[in-house]
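# Chain and residue survey
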Amino acid sequence: MLFRSWASAVESPWPDVASVADHVGVPHLVVTRHALVREVLADPVTYRPDNALDAVTPMPVTALRVLAGHRFRLPPTLANNSGASHPQIRAIVADALHPTRVAAQRPWLTALVRDRVARLTATLDAGEPVDLYADLAADLPLLVLARLVELPDAPVGAVKEFARAALELFWAPLDADRQLALAAEVGRFHGVLRDFAATGGGLAAELRAAGHPPDVVVGALFFLLVAGQETTSQFLTLLLHRLAGEPAVRAGLRTGEVAVADVVEEGLRLEPPIVTWRRVATADGLLGGQPVPAGTSLVLWLARAGRDPAVVESPDEFRPGQRGSRRHLAFGAGAHRCVGDVLARMEAAVVVAEAAPLLDGVTVVRPPWCPDNLTFRMPDAFVIRRAPETGLTGS
Ligand code: HEM
């Protein structure tokens, strides 16, 4: 269940808090209820984020050697930082992602998406399939991020490859050979980041000027390049796939009866790209009546919390604007709540507004497939084609 939690039937009974052993026998306390997940996220003293980036498959010495060979280090900077430096680092990153800066990117992104949608429409009209992951969603968030934050001058494909390798290395069940290959990929790109962190402008320069050591600058860039673009491209893919099966929602979008922003929120609630997030207990305590010994790894099932019937009226139905729709925890909560939420929402709103019409009259050739992973969905493709003859499928 831990590595394919999104595939668990929601109706199936699941305790509020349950101890589940992972593939190497390490127990985790899985927390499912919205109120309990919030309780944990709101208390960074009892439940620290220090384990957020721990590799769920322990690294063998061979992989550690490869990382060490690349001088790989990941000190606490953002998501896994419970120390005194967190608020200051977070404030610098939040400035770079300020809502006014995000809003300024909207016209550029709209023009880009509109252009792509026109080309994809022509391909569909010609009877050819299109992959809405590869041809539309995959690189958009990275392109926007690069306009907001100065990034190393690396090809988009190389950054995507590194980021997906990092998500696999830290959050997937793996064998030793795969770990070795991923460690080589992640370690190599870490070197690129290290060079950039020493000399780069923009956010890197601001972190340096605030007195943060090189490792911290690298750590912040590392996390941003992973969390700041992979998450959103995964979300865009999952949301478009979901919308392909929601013709009434698309019809509402067409007539204006359904608001784009409400579709994005319901998407985050039902198709979050980050399905779980971790915390570690610092002291013996109780959660939902269950003892939590100090040192326990808590797996907060964010996706399940979004479907808690105590919070949302029709938990399993995609009903934009329904009561409780916006109370999802897709972005976490509390001191470490996602600082990219405004950016992710803007990108998703543009894609929904511009690309939803592509889904009318199409048939799904290949739904997204997601590999085993504790936290990230990582869809690999989403292929559609114009439905033959009637053109009514999916409309
Ligand atoms: C749909 C897209 C996204 C989702 C679902 C998402 C989700 C999350 C979650 C669950 C956390 C952990 C929150 C916690 O511990 O309480 C987080 C943290 C974070 N996210 Fe996002 N995220 C998304 C997009 C982005 C983007 C676009 C950026 C930046 C460009 C970003 C940057 C960050 C950062 C820097 C943190 C760490 C914040 C801290 O520890 O202070 N995320 N995100």
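Note: the structure precedes this text.
Residues numbered from 1 in each chain as written. Predicted model: local features only at pLDDT ≥ 70, side-chain atom pairs only at ≥ 80, totals over all residues. Heavy atoms only, no water.

Turning to empty space enclosed by the protein, a few remarks are in order. Scanning the entire structure with this criterion turns up two cavities of 30 Å³ or more. When contributions to the lining of the largest cavity are tallied by element, the ones reaching two or more residues are helix 3 (86-96), helix 10 (214-227), helix 11 (230-244), strand 5 (276-281) and helix 15 (341-355). Among the elements that make up the lining of the largest cavity, the one with the highest residue count is helix 15 (four residues). When its residues are assigned to classes, the lining of the largest cavity shows 23 nonpolar, seven polar and five charged. In this structure, the second largest cavity encloses a volume near 40 Å³. Lining the second largest cavity are Leu53, Leu74, Ala166, Phe170, Trp171, Phe222, Phe223 and Val226. At the level of secondary structure, the elements contributing two or more residues to the lining of the second largest cavity comprise helix 7 (156-171) and helix 10. Tallied by class, residues from the lining of the second largest cavity come to eight nonpolar, no polar and no charged. (1 Å grid on protein atoms, 1.4 Å probe; cavity = no way out; pocket = protein on both sides within 12 Å on 5 of 7 lines; lining within 4 Å. Points joined across faces, edges and corners; volume = space filled by probe spheres on them. Helix = DSSP H or I, 4+ residues; strand = E, 2+ residues; numbered from the N terminus. Nonpolar A, V, L, I, M, F, W, Y, C, P; charged D, E, K, R; others polar.)

Glancing now at the site of the ligand. Around the ligand lies a shell of 32 residues, among which His86, Arg90, Arg279, His336 and Cys338 are the nearest. In the environment of the ligand, an oxygen atom lies 3.3 Å from a nitrogen or oxygen atom belonging to the backbone of Ala79. One of the side-chain nitrogen or oxygen atoms of His336 is found 2.7 Å away from an oxygen atom of the ligand. Put simply, the ligand lies in the largest cavity. Listing elements by their share of the shell around the ligand, those giving two or more residues are helix 3, helix 10, helix 11, strand 5 and helix 15. (Near = heavy atom within 4 Å. Polar contact = N/O pair within 3.5 Å; in protein donor to acceptor, adjacent residues only side chain to side chain. Sits in = over half its atoms within 2 Å of the grid points.)

Okay, the coordination of the iron atom of the ligand next. Each donor-metal-donor angle would ideally measure 109.5 degrees in four-coordinate tetrahedral geometry, or 90 or 180 degrees in six-coordinate octahedral geometry. In this structure the iron atom of the ligand is ligated by exactly one protein donor, Cys338 (SG), at 2.3 Å. Residue position: Cys338 is located in the loop between helix 14 (302-305) and helix 15. (Donors = N, O, S within 2.8 Å, 3.2 Å for Na, K, Ca; no water.)

Under the criterion given, the structure shown has 10 aromatic pairs. Geometrically, the ring pair formed by Phe72 and Phe222 is edge-to-face, given 5.8 Å between the ring centres and 75° between the ring planes. Here Phe72 is found in the loop between helix 2 (61-69) and helix 3, whereas its partner Phe222 is found in helix 10, with 150 residues between them in sequence. The exposure classification of Phe72 matches that of Phe222, with both residues buried. An aromatic cluster of three or more residues is present, and its members are Phe72, Phe162, Phe170, Trp171, Phe189, Phe222, Trp277 and Phe376. (Phe/Tyr/Trp six-rings, centres within 6.5 Å; stacked < 30°, edge-to-face > 60°. Buried < 20%, exposed > 50% of the residue type's maximum accessible area, 1.4 Å probe, protein only.)

The strand order across the open sheet built from three strands is 4-10-9, with neighbouring strands paired in antiparallel fashion. Looking at which strands have only one partner, the edges of the open sheet turn out to be strand 4 (130-131) and strand 9 (362-366). Across four bridges, the pairing between strand 9 and strand 10 (residues 383-386) is antiparallel. Residue pairing in the sheet places Thr363 in a bridge with Arg385 of strand 10. Along the sheet face, helix 4 (residues 99-125) touches strand 4, strand 9 and strand 10 and points at about 60° away from the line of strand 10. (Pairing = 2+ DSSP bridges. Contact = heavy atoms within 4.5 Å. Axes fitted to C-alpha atoms, helices over the stretch in contact; angles between N-to-C directions.)

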